[in-house]
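Per-entry structural report
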Amino acid sequence: MGSVLSRPEVNYVPETVTRSVKLLVAGNFGVGKTTFVSSISEITPLRTEETITEASIGIDDMAGLGEKTQTTVAMDFGRITLNPQLALYLFGTPGQQRFVPLWEELARGALGALVLVDTRRIERSDEVLSVLEERGVPYSVAVNVFDDAKRHPLEEVRDALDLTPETPLTALDARNRTTCLQSLITLVEFLFHRQESLL
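Residues numbered from 1 in each chain as written. Predicted model: local features only at pLDDT ≥ 70, side-chain atom pairs only at ≥ 80, totals over all residues. Heavy atoms only, no water.

Focus: the nonpolar core
The line we're drawing: By convention a nonpolar core is built from buried Ala, Val, Leu, Ile, Met, Phe, Trp, Tyr and Cys residues, the set being connected through side-chain atoms within 4.5 Å. Buried residues are those whose accessible area, probed at 1.4 Å on protein chains only, stays under 20% of the maximum for their type, while exposed residues exceed 50% and partly exposed ones sit between those limits. Secondary structure elements are taken from DSSP: a helix is a run of H or I of four residues or more, a strand is a run of E of two residues or more, and numbering for both begins at the N terminus. We call two residues in contact whenever any of their non-hydrogen atoms come within 4.5 Å of each other.
Ranked by internal contacts, the top residues of the largest apolar core, which has 25 residues, are L23, F36, I40, L88, L90, L116 and L184. Counting residues per element, this core draws most heavily on helix α5 (residues 177-198), which supplies eight residues. Apart from residues lying up to four places away in sequence, L184 is in contact with L23, F36, I40, I80, L88 and L90. Counting residues in hydrophobic clusters, the runner-up holds 24 residues, among them M75, F91, A110 and L161.

Here it is as structure tokens:
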């Protein structure tokens, strides 16, 4: 699989593309999904962010989110041409529990999902993983390493999330395109190998 390290200015799907894949970028509130899609998309990403208002007090858990002032209310959308033949369409889900019905709609037709995790609030990942498992959406997990977060060995994260040995687990910085790309390639390889094994 070829690698794309710099963001080309592309607004159209190259004529060489023969396959496209829908993927979710999922995770709980404030885990970095919008940043991830913005970092990796080769097109200007579509964002549906709104300013967090007092109306979210008591509804959205803001603990540990510092100065977060905006939240995704529908989805983020981006695209990356992973190699000349393959285009990935990325749909970032909103993170709040009240948007679970929207997660389920966005999951329709998705080949799989990349679930971002924040180790400072790891227990909040359980709900996202449960929704994907209930809908039969295969996934890989990527730890978004925040500057002020304690570093944990990936095997400790695997144990904390009770992931199967087959579930890919990587680490990334959602602001860094290279690490985002590596986690995305890991997911795509996992999904394609999984499809081949089911044939």
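Comments concerning α5
Note the cut-off: Expected helix span is computed as 1.5 Å times (number of residues minus one). N or O atoms within 3.5 Å of each other form a polar contact, as long as, within protein, one can give a hydrogen and the other can take it, and as long as residues adjacent in sequence are counted only when both atoms are side-chain atoms.
In a regular helix each residue adds 1.5 Å, so 22 residues correspond to 32 Å; α5 covers 32 Å between its end C-alpha atoms and thus fits that length. The set of residues buried in α5 consists of R177, C180, L181, S183, L184, I185, L187, V188, L191 and F192. Backbone nitrogen of T178 and a side-chain oxygen of the N-cap are separated by 3.0 Å at the start of α5; the cap is N176.

Re the environment of I80
Positionally, I80 belongs in strand β4 (residues 76-83). For I80, a relative accessible area of 0% corresponds to the buried category. Between the C-alpha atom of I80 and that of S41, which follows or precedes it by 39 residues, the distance is 5.3 Å. Filtering out sequence-adjacent residues up to four positions away, I80 remains in contact with I40, E42, L86, A87, L88, L90, R177, L181 and L184.

Some thoughts on the pattern of salt bridges
Going by this rule: Salt-bridge detection follows one rule: a side-chain nitrogen of Lys or Arg within 4 Å of a carboxyl oxygen of Asp or Glu.
Evaluated as defined, the whole model comprises eight salt bridges. A salt bridge links R121 to D118, with the shortest nitrogen-to-oxygen separation between them at 3.5 Å. In this structure R121 comes out as buried when scored by relative accessible area, which is 3%. Given the relative accessible area of 0%, D118 is considered buried. Overlapping salt bridges, with partners in common, bring together D118, R120, R121 and D148 in one network.

Observations regarding a negative patch on the surface
The following threshold applies: For patch detection, residues must exceed 30% relative accessible area and be free of salt bridges, and they are connected within 9 Å for like charges or within 5 Å for nonpolar side chains (Val, Leu, Ile, Met, Phe, Trp, Tyr). Surface exposure here means Shrake-Rupley accessible area, sampled with a 1.4 Å probe, where a residue is shielded only by the protein chains that are shown. Positive charge is attributed to Lys and Arg, negative charge to Asp and Glu, and no charge count is given to His or to the chain ends. Every charge is mapped to an atom, namely NZ of Lys, CZ of Arg, CG of Asp or CD of Glu.
Together, D126, E133, E134, E156, D159 and D162 make up a region of like negative charge exposed at the surface. Contributions of two or more residues to the negative patch are made by α3 (125-134) and α4 (154-161). Tallying contributions element by element places α3 first for the negative patch, with three residues.

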